[in-house]
Amino acid sequence: SSHEYKLNFKKSKEVCLSYIQDAMLQKQWKRAAEFLTFYIESLEKDFSTEYMGPSEIIWRIGTEILCHHSHSSMKEFISFIEQMKTLGVKRYLKVCLEHAFHLLCNGLIDEAYQNLSLAESWRFGEQTAIQDKEMKLIQAYRGLLDYYSWCKQKNIMLEHGQDGFEDLSVEQEMHSCFRKAAVNLKEIIKIPGVWDLFVKCYVDLLEFYGDHNEARQVLNEYAYNSKFPANPNAHVYLYQFLKRHGESKKSLISALKILHDIVPSHELMIDFNIMLQKSKKRKKRRLGLEVIFAALDYAGWKENVKAWSCLARQVKQIVISEKHLDWIKQEWNSRKDWWPAFHFSRYLAKRNWQENESLSYEKALVAGILLGKDCKYFKYVSHQGCKAQVKRFRILKKFVTKHNPVYLRISG
Amino acid sequence: DFNERCAQCSEVNWGLTDGGRFYCRSCHNVTERTREVVNTDFISNTRIQTISKGLKKQEKTDRGCEWYVCEGFQLVLKKQAEALEALGVCPQMKDEILCNFWRRYLQKTKQAYCNRPAGETVKALSVCDSSTDVDSEPERPSLLHFLSLSESEGDLQTDCSFASSISKISESTSVCSGSVDGSSYLMKNRKEKLRMTMPMTLSFCYMALLWLREPMTLSDLLRFVVEGHIPYLNVFQHFPEKMKLYGLDLKIFCVESWPVYEEVYNKMLELAAFLDLPRFPDITDSCFLHPDMLCMKYLMEANLPDELHNWTCRVVKKICIGEADFLTLVPGNKSTRNVKYDVLAAAVIVVVLKLLFLLDDHYEWLLSDFVEERNKNNKEGGPYFEFKKWYKVIKCSLDVKEKKLDEERAKYLWRCEKPLFYSAKKKAKVLKRRQIVVNLQNQFGKLSGSVQPAEKPNPSSFQLSWSEENTDGSCFHGHSLKGILQEKCGLLTAMNPDYWLCTVKLCNEKLCGHLAHYREVDFPQSYHFVLRLFAFLLRIQPSYIHDEVCVIEHKLFNKKLCKKPKYKTGLRK
C-alpha cells in the first residue's frame, strides 16, 4: 500500500506510539525504550484534550518497560516514578499507589509503607477532594500493611507465650497495629467494590479480639448488600465464618445456596450436597441432587471421585427407595444428549479404570442407572472389575442388573 | 527614531540608503546621519531610562528593540541560501537571485502592507526604494549587506510557546509578540495577498533555483529539508540571541509538518506572478531539468537499462514536451499548464515501461519468461533485460527503504534545544518540562541498548545506487532491450503490440483539482509497483505521477482518442 510522504507532529507521534506498542507486544524492551525516547518530546505538547494524554501514556509505557527490561534497576524505577509524580497532579495519588505496589512486588514492604504514609499526607487544594477514592485506597493498603505488622507481632507474642515469656511492648505494638489497621480496613469495605483481601483481614482481626457480631455484620453486608458487585467469595467467607462458629445448618445452607446460583462449579458444592442429602426436608434433598449434577457439568470435575461418590450415593438411595425417580428423570432430561459422550465414553471407561479404580466404580454405578447395564461404560468397567475379582464390582453388577428397569423409566 | 525635519523640504519622511544613511523620501536628500548612530543613541537612552526607572521598566526594555516579521523571514532565507550553497549551489543564488526576489517581494508587499504613518522611519529593509528600477539587470547590492544591517539592529525578544497552543488564544486578546507586527501580521488575513509563511521560504528557494536552472528538483529540495540539510524546522534557533520569538511569532515561524510538494509548488507560481517576474531562463535540452536529462537520472536510480533512454527521448519528442517554450516558466501565464519537471520525467518513464511491457499483470511476466529463454542462448556481450529479475531486486530494495523511512517518521524529532515560551508566566513551567523531557530521554536512551546517535544521512542526489561492478547481477544499467524488441521493416519496435490507457477521459482540473483519480485497486499491481517506486524517489503520492501519466498518454494517443477508443498502438520512430 502506498506510503504517506506527508507528516506532522501529531501523526509522527502516532506512528511512534504504534512502534512502541509492537515492540512491547513482542517483548522487545530495548526497542520499545528506543522508540519511547522519541515519543517523550510530546510532553512539551501536552494539552490534555485527549482521553489519555502523553504524560499518562509515558507513565504507563515507561513503567512497563522498566519492569521488564533486564538492565533496569529499582533505583532507576524510583527516579522515573518521582518524575511521573511531578508531571500530572491529577494522577499523583494513582502514581503513588502504583509505586507502592511495585515496591511490594519486590519485597520492599517498609519502603512501600513509607510511601503510602507519605502519600496519605499529601494535600493539593481541590485535587485532594477530587482524588478522594485514590486516597481511600492508599489508606486501605496502608491498613493492610498494618495488619501484616499485626500478624508478625501476634506470632512473636504467641511464640513468647509458649516459651513462657510475656512481652508487654510487643503486645502494645500489636494492639496499636490493630487499631490502625481496623480503622482503614473498615473504611474501604464500606465502599461498594471487591475487597476480598481486606475483608478477610478485617474479619480476622475482629475474630481475634472477639467481636463476632461486628464480623458477622461485615460479612453479611459484603455478601448481601446489592450495591456490592456479585462476588462468590463473599459467600464463601460468610459460610466459612458461620461454620467456624457452629451456626445452624439452615444458615449454612442459605449461605451456600447463593454460591450455587452464582458458581455452580464451586468446590464447596460437595459440602453443600452432603449437607442437603442429609436433610429431612424433601426440598433440600431435591436441591442436593440438582447441585451435584450441576457441578459435574463442568470439565474440572470430571475426575473428582468425591463428587461422583456423592452423586452415586444419592442416586443409589433414590433407586432403592423407589421414591422420587422423577427427580433423576428431570435432571437427566437436559443431560442425556451430551453426558454419555462427556463422561461415559468407552475411551473414558478404559482410562478411568486404568488410572483410578474408585473413580470408575462410582461412575459405573451412575452410568449403570442412567444408561442401563448395556451401556459402554458400565459394561467395560464392570467386566474389568469382575475379571479382577474386586468384590464391590460384583455387587455393583448385581445391583445394576437388578434395577435395570429403572433406566427404562428414566430414559423414557 | 529619527524624527528630524529634512533640511531641504522640512518633511519627516525618512528612508535608508544602501549605505545605511537616512534620506528624505520626499526630496531624496541624503543626510550624513547613519542608522547605527541613531541605534546606539536609542539603546543607550533606553539603558539610562532603565536604570533610573527601576526593575519594572527594565523588564519591558529587556524585550529590546523591535524587529519585524519580515526580518525574521529574511534571516531564514539567508540560512537556507547558505545551506544550499554548501550543497553545491552556485553563490549567485544567494547573493543575487534570491536576495533580489526578496527585495522585490518586500517592495511589492510593503506597498500594500503597512499604513505608513507620516514620519515613521521604516526599517532598513525597505531600502527597496521606489526610485530604483528593480527590473534592470546590473548591480544589485548583495544580500549579505542587507542582512548585516538587519542583524545589527536592536534586541528582539521572542517569548512564545508552540504554534498550536496559540490557536486556543482568541484573536481579540492583545497577545504580545516579540516582533513588532507579529499580532497584526496574523490578523491581517485575506485582504493581503501572499503573506509570507515558512513553506513560502521554500517556494522562494525553489524559484531561485529554477531561475538559475540549478540541478536540483523540487522533490530534491524538499527531501533535503526533511533530512535536515536545509534549515526549516526550528530554524529560529539560528536567530541572534537578541531576537527572541514570543507569543504569536510562534505561529508564524514554527513549523510542525513536513513541507508539502503541491503547496510549495503552487505558492511558487503565485509568487512568480505576484512579483511580475518575466519569462524565466529557458530550459533547454542541456539543462538538468529537461526531461531527457532527468529521465536519464531516474532511469539510473531505478536501475533500469540505459537503452530505455532512447525510448524516453522518443516519447518526449513525439509529444513535444522537450521544447523550451513548453518547459520554461512564464509567470502568470494561465493558458499553459505548469511543469513539474521531476513528476514529468517519472511519468515519461512509466509510459515507456507501459509501452514496452504493457504492465497488465500478465504480459510482462510472460515476456520476461520468454526473454529468460532467449538469454540462455544469448551469445552477445550483455544479458537481455528481464522484467522479473528487475522486479525482484527493486522490490527488495524498495521494501527495505520504505520500512526505514517509516521508522524515521516515527523517530522524527520536532523540538530543538531552544525552548519556546508563550509568556513569561509559562517560562518556568516550560523549562521544567524541558528538563523532565531531557532526563527521561537520557534514562530511556540508556536502556535502548546499543544506541546509535541519529546519523544525518549525507546529502545525496541519489537515494538508490547500483553498481555494475556487483557480480551478483543486481545492476541492470547495461542490460539490453533486444530481448523484448523485434525488427520490423528495418526498425526495432516493441514486441508488445498493446497499450491500455489509464483513463479515457481527463477530469477538469479546475473543478475537482485533479486530472484523474487514482485508486490502487483499480489498476494492475505492476503498474502500481512502478508508481510506488517513483513516488518513493520523489516523496509524493503515486496519484500525482498517475495524473501526469494520464496527460502524457492523452497527448501521445491524441489522434486515436479523437477517433474511437481502440487501444492498439505501436510506436515507430
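Bear in mind that the values here come from a model prediction, so they are computed numbers and not experimental data.

Draft legend 1. A look at the overall build of chain A. Scanning chain A for helices and strands turns up 23 helices and zero strands. Expected size for 412 residues packed as a compact globule is a radius of gyration near 22 Å; at 30 Å, chain A overshoots this value by more than 25%. When the backbone C-alpha atoms are referred to their principal axes, chain A occupies close to 85 × 75 × 40 Å. Put simply, chain A has 412 residues, and 49% of those count as buried. A sequence separation of at least 24 residues applies to 60% of the contacts in chain A between residues at least 6 apart.

Draft legend 2. Region of interest: the overall build of chain B. From N to C terminus, chain B includes 22 helices and seven strands. Counting only residues that meet the buried cut, chain B has 53% of its 573 residues in that class. Accessible surface, chain B as shown: approximately 27,300 Å² in total, 51% of it carbon and sulfur.

Draft legend 3. The nonpolar core, seen in detail. By size, the foremost hydrophobic cluster in this structure holds 145 residues, and its most contacted members are Y105, F204, M207, L356, F534 and I545 of chain B. Per element, the largest residue contribution to this core is 15 residues, and it comes from helix α15 (residues 341-357) of chain B. When we break this core down by domain, the ones giving at least three residues each are domain 2 (69-111 + 177-182 + 193-275) and domain 3 (299-305 + 315-333 + 350-402 + 477-557) of chain B. Here L356 of chain B is in contact with L308, W311, Y363, L367, L481, I484, L485, A494 and N496 of chain B, once residues within four sequence places are set aside. Membership of the second largest hydrophobic core comes to 91 residues, among which are Y361, F378, V390 and F393 of chain A.

Draft legend 4. Local environment of the pattern of salt bridges. All names here are of chain A. Here the structure, examined in full by the defined rule, presents 45 salt bridges over all chains. Note that K136 is salt-bridged to D132, the shortest N-O span being 3.9 Å. Linking K136 with D132, this pair stays in helix α8 (residues 132-163), spanning four residues, or about one helical turn. Judged by its relative accessible area of 23%, K136 is partly exposed. With a relative accessible area of 36%, D132 lands in the partly exposed category.

Draft legend 5. Here's a closer look at the pairing of strand β6 (residues 485-488) of chain B. All names here are of chain B. With four bridges connecting them, β6 and strand β7 (residues 491-494) associate as antiparallel partners. The residue of β7 that forms the bridge with K488 is L491. Taken together, β6 and the strand that follows it, β7, pair antiparallel across an intervening segment of two residues, in which C489 is found at a positive phi of about 55°.

Draft legend 6. Geometry of helix α14 (residues 269-278) of chain A. Residue and element names in this part refer to chain A. Of all ten residues making up α14, eight are buried, and the element is well covered by its neighbours. For α14, the set of buried residues is M269, I270, F272, N273, I274, M275, L276 and Q277. At its buried positions, α14 is contacted by α12 (232-244), α13 (249-262), α15 (282-295) and α16 (305-321).

Draft legend 7. The interface of chain B and chain A, seen in detail. Counting residues at the interface gives 41 residues for chain B, matched by 45 residues for chain A. Taken together, both faces of the contact between chain B and chain A bury some 4,200 Å²; the carbon and sulfur share is 59%. A per-residue breakdown of the area chain B buries against chain A is headed by R409, F444 and L447 of chain B, which together make up 18% of the total. On the surface where chain B and chain A come into contact, there are three salt bridges.

Draft legend 8. Layout of helix α11 (residues 212-224) of chain A. Residue and element names in this part refer to chain A. Here α11 contains 13 residues, and its C-alpha end-to-end distance of 18 Å stays within 8% of the 18 Å for a straight helix at 1.5 Å per residue. For α11, the complete set of buried residues consists of A215, V218, L219, Y222 and A223. An end-on view of α11 places all buried positions within 125° of arc, on one side of the element. Projecting away from the buried face of α11 at angles above 90 degrees are the exposed residues N213 and Q217. On its buried face, α11 sits against α10 (196-208) and α12.

Draft legend 9. Fine view of the environment of C96 of chain A. All names here are of chain A. Following the sequence through the fold, C96 ends up in helix α5 (residues 92-105). The sequence separation of C96 and I138 amounts to 42 residues, and the corresponding C-alpha distance is 8.4 Å. With residues up to four places along the chain from it excluded, the contact list for C96 reads K85, A119 and I138.

Draft legend 10. Seen up close, the packing of helix α21 (residues 376-387) of chain A against helix α22 (residues 391-402) of chain A. All names here are of chain A. Contact pair α21 / α22: the axes reach a minimum separation of 8 Å and the direction vectors enclose 140°. Classed by the angle they form, the pair α21 and α22 counts as oblique. Relative to α22, the crossing made by α21 is left-handed. In this structure, α21 uses F378, V381, S382, G385 and C386 to contact α22, whose residues at the interface are F393, R394, L396, K397 and V400. Partitioning the contact of α21 with α22 into residue classes produces six nonpolar, two polar and two charged.

Draft legend 11. Focus on the domain arrangement of chain B. All names here are of chain B. Each domain of chain B was delimited in the assignment, giving domain 1 (1-33), domain 2 (69-111 + 177-182 + 193-275) and domain 3 (299-305 + 315-333 + 350-402 + 477-557). The contact between domain 2 and domain 3 buries some 660 Å² in all, and 73% of this surface belongs to carbon and sulfur atoms. Considering only the side of domain 2, the residues that lose the most area to domain 3 are S219, R223 and E262, jointly responsible for 49% of the buried surface there. Inspection of the region where domain 2 meets domain 3 yields zero salt bridges. The element best represented in the side of domain 2 that touches domain 3 is helix α11 (residues 261-274), accounting for six residues. When the residues that make up the side of domain 2 that touches domain 3 are grouped by side-chain class, the tally is six nonpolar, one polar and two charged.

Basis of the calculations
- The residue numbering used here restarts from 1 in each chain and proceeds along that chain's sequence as written.
- Lettering of chains starts at A and numbering of ligands starts at 1, both following the order in which they are written.
- Where local features are concerned, this predicted model is filtered to residues with pLDDT of at least 70; where side-chain atom pairs are given and counted, the filter is 80 or more; whole-chain, interface and lining totals use all residues.
- Working from all heavy atoms in the structure, the side-chain values ignore hydrogens and water.
- Note on conventions: DSSP H or I runs of at least 4 residues are helices, E runs of at least 2 residues are strands, and numbering of each starts at the N terminus.
- All radius of gyration figures rest on C-alpha atoms, and the globule criterion is 2.2 Å times the number of residues raised to 0.38.
- Working definition: with a 1.4 Å probe on protein chains only, accessible area under 20% of the residue-type maximum means buried, over 50% means exposed, and in between means partly exposed.
- Whether two residues touch is decided by their heavy atoms; if any such pair falls within 4.5 Å, the residues are in contact.
- Computed with a 1.4 Å probe, the accessible areas rest on the Shrake-Rupley method; for each residue, only the protein chains presented here act as cover.
- Each nonpolar core is a collection of buried residues, namely Ala, Val, Leu, Ile, Met, Phe, Trp, Tyr and Cys, held together in the definition by side-chain atoms within 4.5 Å.
- Where each domain starts and ends follows an automatic or database-derived domain assignment.
- We define a salt bridge as a side-chain nitrogen of Lys or Arg found within 4 Å of a carboxyl oxygen belonging to Asp or Glu.
- Strands pair, by our definition, only if DSSP identifies at least two bridges between them.
- Buried area: the accessible area, evaluated with a 1.4 Å probe, that two parts lose upon being put together, summed over both parts.
- A helix is expected to span 1.5 Å for every residue after the first.
- An arc is given here, and it is the one of the directions from the helix axis to the C-beta atoms.
- Every angle, taken between N-to-C directions, lies between 0 and 180 degrees, and every axis is a line fitted to C-alpha atoms, over only the stretch in contact when it is a helix.
- Roughly parallel means an angle under 35 degrees; roughly antiparallel, over 145; roughly perpendicular, 65 to 115; everything else is oblique.
- Take the far helix as your reference; a near helix turned counterclockwise from it by less than a right angle gives a left-handed crossing, and one turned clockwise gives a right-handed crossing.
- Each residue is assigned to one class: nonpolar for Ala, Val, Leu, Ile, Met, Phe, Trp, Tyr, Cys and Pro, charged for Asp, Glu, Lys and Arg, and polar for all the others, Gly among them.

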